[in-house]
Each structure stands twice: as C-alpha cells, then as structure tokens.
Amino acid sequence: MGDTFIRHIALLGFEKRFVPSQHYVYMFLVKWQDLSEKVVYRKFTEIYEFHKMLKEMFPIEAGEIHTENRVIPHLPAPRWFDGQRAAESRQGTLTEYFNGLMGLPVKISRCPHLLDFFKVRPDDLKLPTDSQVKKPETYLMAKDGKSNVADITGPIILQTYRAIADYEKSSRTEMTVVTGDVVDVVEKSESGWWFCQMKTKRGWVPASYLEPLDSPDEAEDPDPNYEGEPYVSIKAYAAVEEDEVSLSEGETIDVIHKLLDGWWVVRKGDITGYFPSMYLQKAGEEISQAQRQIRSRGAPPRRSTIRNAQSIHQRSRKRLSQDTYRRNSVRFLQQRRRPARPGPQTAVGAKDNPSTQSAKPQPAVPPRPSSDLILHRCTESTKRKLASAV
C-alpha cells in the first residue's frame, strides 16, 4: 500500500451553528488516495491557524526570507462575520487557497500537517442534533462555485464582552487586552480560550478575563450533570489551588460540570475539584489534535488567580462551592446505588397476562362525602337528640 495523501479538497459550503455560541463552520469534501471521500467541518479560526503553522514549517516557500520565493497562497485575515458579502467572498477565498495548496510540490501538498488537519475527527461524525435550541443552518455552494447572496444568512450579531484586567499575549495567536477593552467574541472554545476581535486586532483571549456587559456571566454556564461523562486525562496536572484536583496522565474521571472558562469540575471517586478541560479527552477519541492544541497554548488562567480584576457589575460572580459539588455528587451516587423497592405481590401468571388484569372487575369505591354534607348530617342528628330530651 502506498503513502497516504489527499487527491482533492472541495469546499461544499458552510453551516451557521448556535452552540455553544453563534459561529460558522465550513464543509469540505476530502478525496483521499484510496478513493475514499470524507466530509469534514472546520472553523475559519482553525484554518487560519493551520495557515500560520504551515508558513512556519516552510519559511522559504512562504516568502518569509525572500518574497520572490513565495509559492504558498496568501490567506488574508478578513473582517470576520461582518455581513452577507463577506461570508460569500470568504468561500471563494478558501476555494482558491486550497486549490493552490494542492498544486504545490509534494513536500507541502502531502506534508503531515496538511494530512492531519483534514483527518476525520469525532466532531465531524457527531453532527448537531435536533434537540438543540436552534438547528444549524446549512448553505451549499452552487455547482458553478458562485453563491447567490440571497441564499446567504444575514450578518451575525456577535456577543460583546469587556476585559476585567490586563492580559499580555504570550504567543502570536493570542491578543493583548487592557482593563475596560470591549471585544466581540467570535468563537467560544471549550478549552476556555475565546477567539475575539477588537477593531483591527484579533486573537485568543482567556475567557476568565472577560465578562458580558449586561450581567454577571455565571448564568451562561450550563447546569451540573452529576451523572457525569467519562473522560481520560491526556496530560498530568498538579493542583495549585485547594479546590483543584491532581491527575496523572491516563486517569479516567467523570466530568460533572463543564464551565465556559475551561476549568471543569471533575469527580474522582468521591472527590471533586477543578481541572483544565484542555487536558481531558473522551475515552476512545483521537488525542493528536488535542495534544497539538496543548503544545500551542496551555491551560487558561482561572478567574480566582487574576489580580486587580475590576468588574462593572455590583453583584459579584457566584459559583458553587466544592462542598456543594461533593454533597450533591455523593447524594446522586447513593440514590443510583440504592436498590429499587419491590412492587406489590401479584397472582402467579397475572403479570404475564395484562389482559387478565384489565378484565378482572374492580370493587367500586364509594365517593367520599364532602365536608358540607358531613356538617349537615351532624347538625340534623343534634337537633333530634335535643327534641327527644325535651
């Protein structure tokens, strides 16, 4: 069997999704060398980071040394989600970009970075369900590659947040903010890193440094699920704060509360505590993508570790204590382990024949007299006793 490579990449269109926040994902049909065809979904922020890493891997072909040697296509950083025409033109830009990549020498067009980016992920197979509050909206490109503007959704209204403290970026993909900066959140990642834009700047910012303008943000977090979801730690972490949990690599735990700042509450036996979601992966899923994310960006800081945080809300942010998590978790586990109470005894064979049960006549239950009727009867009886005594 020959080496694995991609024969063709075709952009099918895009979807507008609403969970965990409003965003776009682009649909690609990837044709592999074994004649298999896979549909994958990628966010524009992922594509843009893929492009940046590709330029770092091939600086000569990216024109970083001499601009005349540049062969890697240019991928502009457009003004994300600013209207219908921008959404339409971005499809054409992505089509030209990947067509250009596939025409480059084998060392680029078949490099592991490109192959890994388009491998099928679990999220590509688990499409949004109908049970969500609002179903995703799908828009397919026309066969001639020209989409009708009328078929594209209207401009997205992004959520606006405010920085509660100064944050200095530590990598090229992050964004520096100062206290009071107002940013638009393009994407909320479960890792606790949110992709934001502010005027001409854009990049990843820790969610713990941001708060909504209208109200405290604890209301945005989902409710705890004390049944728990099984996850495996893909990187060891030693607890720093008292309410955190230490885990070694490869340990299996239950996630009982997925908080938006990327610090989830996990359960290990009867112990609960915070743990960075970036270091967790569902059992059985491919971990290469998650490990790449860990290498490029560590766990975000927690809100409790931020110094000089300045909120504009009078009501302070409130969260459940670990004592509450433990108490509710233990109560749930005890209820689940408690054996069910046996039902009433039935005649042999009766439970196996429901028609026999329904055919058996049931004794009539006399109606209970009302309180007014009881009082009336007591009054008449008292009158008769008084008359006889006289």
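Before reading further, recall that the structure is shown in the block above.
Residues numbered from 1 in each chain as written. Predicted model: local features only at pLDDT ≥ 70, side-chain atom pairs only at ≥ 80, totals over all residues. Heavy atoms only, no water.

**Quick look at the overall build of the chain**
- Scanning the chain from terminus to terminus reveals 9 helices and 14 strands.
- Here the chain holds 390 residues, and the buried ones make up 39% of them.
- A sequence separation of at least 24 residues applies to 62% of the contacts in the chain between residues at least 6 apart.
- Accessible surface computed for the chain: about 23200 Å², of which carbon and sulfur atoms make up 52%. (Helix = DSSP H or I, 4+ residues; strand = E, 2+ residues; numbered from the N terminus. Buried < 20%, exposed > 50% of the residue type's maximum accessible area, 1.4 Å probe, protein only. Contact = heavy atoms within 4.5 Å. Areas by Shrake-Rupley, 256 points an atom, 1.4 Å probe, with all protein chains shown as cover.)

**Things to note about the packing of aromatic side chains**
- Applying the stated criterion across every chain yields a total of 18 aromatic pairs.
- Ring plane angle 80° and centroid distance 5.1 Å describe the contact between Tyr97 and Phe98, whose orientation is recorded as edge-to-face. Neither residue differs from the other here; Tyr97 and Phe98 are each classed as buried.
- Between the aromatic rings of Phe98 and Phe118, the centroid separation amounts to 5.3 Å while the plane-to-plane angle is 75°, which identifies the pairing as edge-to-face. In this pair, Phe98 is assigned in helix 2 (residues 84-102) and Phe118 in the loop between helix 4 (112-117) and helix 5 (122-125), connecting sequence segments 20 residues apart. The same class applies to Phe98 and to Phe118, which are both buried.
- One aromatic cluster is present, built from ring pairs that chain together Phe28, Phe50, Tyr97, Phe98, Phe117 and Phe118.
- A cation over a ring is seen here: Arg90 above Phe44, with NZ or CZ 5.5 Å from the ring centre. (Phe/Tyr/Trp six-rings, centres within 6.5 Å; stacked < 30°, edge-to-face > 60°. Lys NZ or Arg CZ within 6 Å of the ring centre and 35° of its normal.)

**Side note on the pairing of strand 8 (residues 201-206)**
- By the bridge criterion, 6 bridges tie strand 7 (residues 193-198) to strand 8 in an arrangement that is antiparallel. Of the residues in strand 8, the one forming a bridge with Trp193 is Pro206. (Pairing = 2+ DSSP bridges.)

**Details of the environment of Thr272**
- Position of Thr272 relative to the elements: it lies in strand 13 (residues 271-276).
- Measuring from C-alpha to C-alpha, the distance between Thr272 and Glu244 comes to 8.0 Å, with 28 residues separating the pair along the chain.
- When near neighbours in sequence (up to four residues on either side) are disregarded, Thr272 contacts Val245, Ile256, Val265, Val266, Arg267, Gln322, Tyr325, Arg326 and Ser329.
- Among the polar contacts listed, one links the side chain of Thr272 to the side chain of Gln322, at a separation of 2.9 Å. (Polar contact = N/O pair within 3.5 Å; in protein donor to acceptor, adjacent residues only side chain to side chain.)

**Section: helix 7 (residues 322-337)**
- With 16 residues, helix 7 ought to run about 22 Å at 1.5 Å a step, and its terminal C-alpha atoms sit 22 Å apart, in line with that.
- Buried residues of helix 7: Gln322, Thr324, Tyr325, Ser329 and Leu333, and no others. Taken around the axis of helix 7, the buried residues stretch over an arc of 155°, which confines them to a single face. (Expected span 1.5 Å × (residues − 1). Arc of directions from axis to C-beta.)

**Observations concerning the side chain of Asp181**
- Inspection of the secondary structure assignment puts Asp181 in the loop between strand 5 (159-163) and strand 6 (182-188).
- Notably, Asp181 is buried but unbridged: the nearest opposite-charge side chain belongs to Lys201, and the N-O separation is 5.1 Å.
- Separated by 2.9 Å, the side chain of Asp181 and the backbone nitrogen of Val178 make a polar contact. (Lys, Arg positive; Asp, Glu negative; His and termini not counted. Salt bridge = Lys/Arg side-chain N within 4 Å of Asp/Glu carboxyl O.)

**Let's talk about helix 1 (residues 44-57)**
- Relative to the 20 Å expected for 14 residues at 1.5 Å per residue, helix 1 spans 20 Å between its end C-alpha atoms, a close match to the ideal helical length.
- Among the residues of helix 1, those classed as buried are Phe44, Thr45, Ile47, Tyr48, Phe50, His51 and Leu54.

**Considering unusual backbone geometry**
- You will see that Leu35, though not glycine, has its phi angle at about 70°, which is positive.
- Classification of Leu35 as exposed rests on a relative accessible area of 66%.
- One non-glycine residue, Asn308, adopts positive backbone phi at about 60°.
- Inspection of the secondary structure puts Asn308 in the loop between helix 6 (288-296) and helix 7.
- Classification of Asn308 by relative accessible area gives exposed; the value is 66%.

**With respect to the nonpolar core**
- Among the nonpolar cores identified, the biggest contains 42 residues, and Val183, Cys196, Leu210 and Leu280 are the most heavily contacted of them.
- Of all the secondary structure elements, the ones that give two or more residues to this core are strand 5, strand 6, strand 7, strand 8, strand 11 (252-257), strand 12 (263-268) and strand 13.
- Among the elements that make up this core, the one with the highest residue count is strand 7 (5 residues).
- With near-sequence residues (within four places) excluded, Val183 lies in contact with Gln159, Thr160, Tyr161, Met175, Val177, Cys196, Gln197, Met198 and Leu210.
- In this structure, Tyr48, Cys111, Leu114 and Tyr139 belong to the second largest nonpolar core, which totals 33 residues. (Core = buried A, V, L, I, M, F, W, Y, C linked by side-chain atoms within 4.5 Å.)

**Some details on the sheet that holds strand 2 (residues 23-32)**
- Taken together, the 4 strands give an open sheet; going across it, the order is 3-2-1-4, and neighbouring strands pair in antiparallel fashion. Edge positions in the sheet fall to strand 3 (37-42) and strand 4 (137-140), since each of these pairs with one other strand and no more. Taking the axes of each pair of neighbouring strands and ignoring which way they run, one obtains an average angle of 30° across the sheet.
- Strand direction decides the pairing type here: strand 1 (residues 6-17) and strand 4, joined by 4 bridges, are antiparallel. Counterpart to Lys16 in the pairing with strand 4 is Glu137. (Axes fitted to C-alpha atoms, helices over the stretch in contact; angles between N-to-C directions.)

**Considering the pattern of salt bridges**
- Following the criterion strictly, the structure yields 14 salt bridges and no others.
- Two residues, Asp116 and Lys119, come together in a salt bridge whose shortest N-O distance is 3.4 Å.
- For Asp116, a relative accessible area of 27% gives the class partly exposed.
- On the basis of relative accessible area, Lys119 is assigned to the partly exposed category, the value being 44%.
- Through salt bridges with shared partners, a single network forms among Glu229, Lys258 and Lys282.

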